[in-house]
Amino acid sequence: MPPDRPDRIVLVGMMGCGKTTVGKLLSERLGWPFHDNDAMLRRLFHATPRELLAAGGEEAMQSAERTALSAALAMPSPAIVAAAGGTILDRGARAELADAGHVVWLRVAAGTVEGRSARGTHRPWPDADRAGWISRALAERETLYAEVADLTMDADDASPSTLVDRIIRDVGGREAQAGA
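Conventions used here
- Residues numbered from 1 in each chain as written.
- Predicted model: local features only at pLDDT ≥ 70, side-chain atom pairs only at ≥ 80, totals over all residues.
- Heavy atoms only, no water.
- Helix = DSSP H or I, 4+ residues; strand = E, 2+ residues; numbered from the N terminus.
- Contact = heavy atoms within 4.5 Å.
- Salt bridge = Lys/Arg side-chain N within 4 Å of Asp/Glu carboxyl O.
- Buried < 20%, exposed > 50% of the residue type's maximum accessible area, 1.4 Å probe, protein only.
- Axes fitted to C-alpha atoms, helices over the stretch in contact; angles between N-to-C directions.
- Parallel < 35°, antiparallel > 145°, perpendicular 65-115°, else oblique.
- Left-handed = near helix turned anticlockwise from the far one by under 90°.
- Nonpolar A, V, L, I, M, F, W, Y, C, P; charged D, E, K, R; others polar.
- Core = buried A, V, L, I, M, F, W, Y, C linked by side-chain atoms within 4.5 Å.
- Pairing = 2+ DSSP bridges.

Draft legend 1. Fine view of the environment of Thr48. If you trace the backbone, Thr48 turns up in the loop between α2 (37-45) and α3 (49-73). A sequence separation of 17 residues divides Thr48 from Glu65, and the C-alpha atoms of the two residues are 9.9 Å apart.

Draft legend 2. Structural view of the environment of Ala47. Along the chain, Ala47 falls in the loop between α2 and α3. Measuring from C-alpha to C-alpha, the distance between Ala47 and Ala64 comes to 9.9 Å, with 17 residues separating the pair along the chain. Not counting the four nearest positions on each side in its chain, Ala47 is found in contact with Leu41, Arg42 and Leu52.

Draft legend 3. Summary view of the pattern of salt bridges. In this structure the tally under the stated criterion is six salt bridges. A salt bridge links Arg66 to Asp90, with the shortest nitrogen-to-oxygen separation between them at 2.8 Å. Placement of Arg66 in helix α3 and of Asp90 in the loop between β3 (79-82) and α4 (91-100) is noted, with a sequence separation of 24 residues between them. Judged by its relative accessible area of 24%, Arg66 is partly exposed. Residue Asp90 is classed as partly exposed on the basis of its relative accessible area, which comes to 31%. The closest approach of N and O atoms between Arg66 and Glu96, which form a salt bridge, is 3.3 Å. Taken as a pair, Arg66 in helix α3 and Glu96 in helix α4 lie far apart in primary sequence, 30 residues in all. By relative accessible area, Glu96 is classed as partly exposed at 22%.

Draft legend 4. Broad picture of the packing of α3 against α4. Here α3 crosses α4 at 15 degrees, and the two axes come no closer than 11 Å. Considering their axes alone, α3 and α4 lie roughly parallel with respect to each other. In this structure, α3 meets α4 at a crossing whose hand is left-handed. Of the residues in α4, those in contact with Arg66, Leu69, Ser70 and Leu73 of α3 are Gly92, Ala93, Glu96, Leu97 and Ala100. Here the contact of α3 with α4 is composed, by residue class, of five nonpolar, two polar and two charged.

Draft legend 5. Molecular detail of the nonpolar core. Ile9, Val104 and Ile167 are the most contacted members of the largest nonpolar core, which has 54 residues in total. Of the residues forming this core, the biggest block, eight residues, is contributed by α3. With near-sequence residues (within four places) excluded, Ile9 lies in contact with Leu26, Leu30, Trp32, Ala79, Ile80, Val81, His102, Val104, Ile167 and Val171.

Draft legend 6. Spotlight on the sheet that holds strand β5 (residues 151-154). If you trace the five strands from one edge of the open sheet to the other, you get β2-β3-β1-β4-β5, paired in parallel fashion. Each edge of the sheet is formed by a strand with only one pairing partner; in this case those strands are β2 (34-36) and β5. In this sheet, adjacent strand axes meet at a mean angle of 20 degrees when their direction is disregarded. Of the strand pairs in this sheet, β2 and β3 are connected by three bridges, and their pairing is parallel. Across the sheet, the residue bridging to His35 is Val81, located in β3.

Keep in mind these values describe shape, not function.
So this is what it looks like as structure tokens:
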């Protein structure tokens, strides 16, 4: 593998930004395994983020998400990892992300998060005041995502395949396009 090509691509962003969809497509295109934070959390804790939140509160859910992220980042490379949206709030997770590989922030507007997050029953937030919570969360997290991101991509109107093409072009060059 060429030294300038990363051996791990980590997708970060708010819930509903497309990390899982883009991660799966990227995995197919590159031939690299895909590790989704929510799937890892379910394997380790036998619960969804929403179930963990209901059973143990915000701190327990965030601790489980951080543990799942660490487990995903510890998997052999090359790999694609999708980080849970809230893991960015943890200083240790941000440090781990910064050292994990090439971090791609799939940036979306509040309206996009609101529309897409309403479809997922596994999502922990929120049932009430969705728009207010999303606006506050975006305001709190945007600078943190920017802090760890090597590449920022606006994902509101771009198709998943377009985002994958851009990631491969911007992160991996021709070697990644060939799946080498």
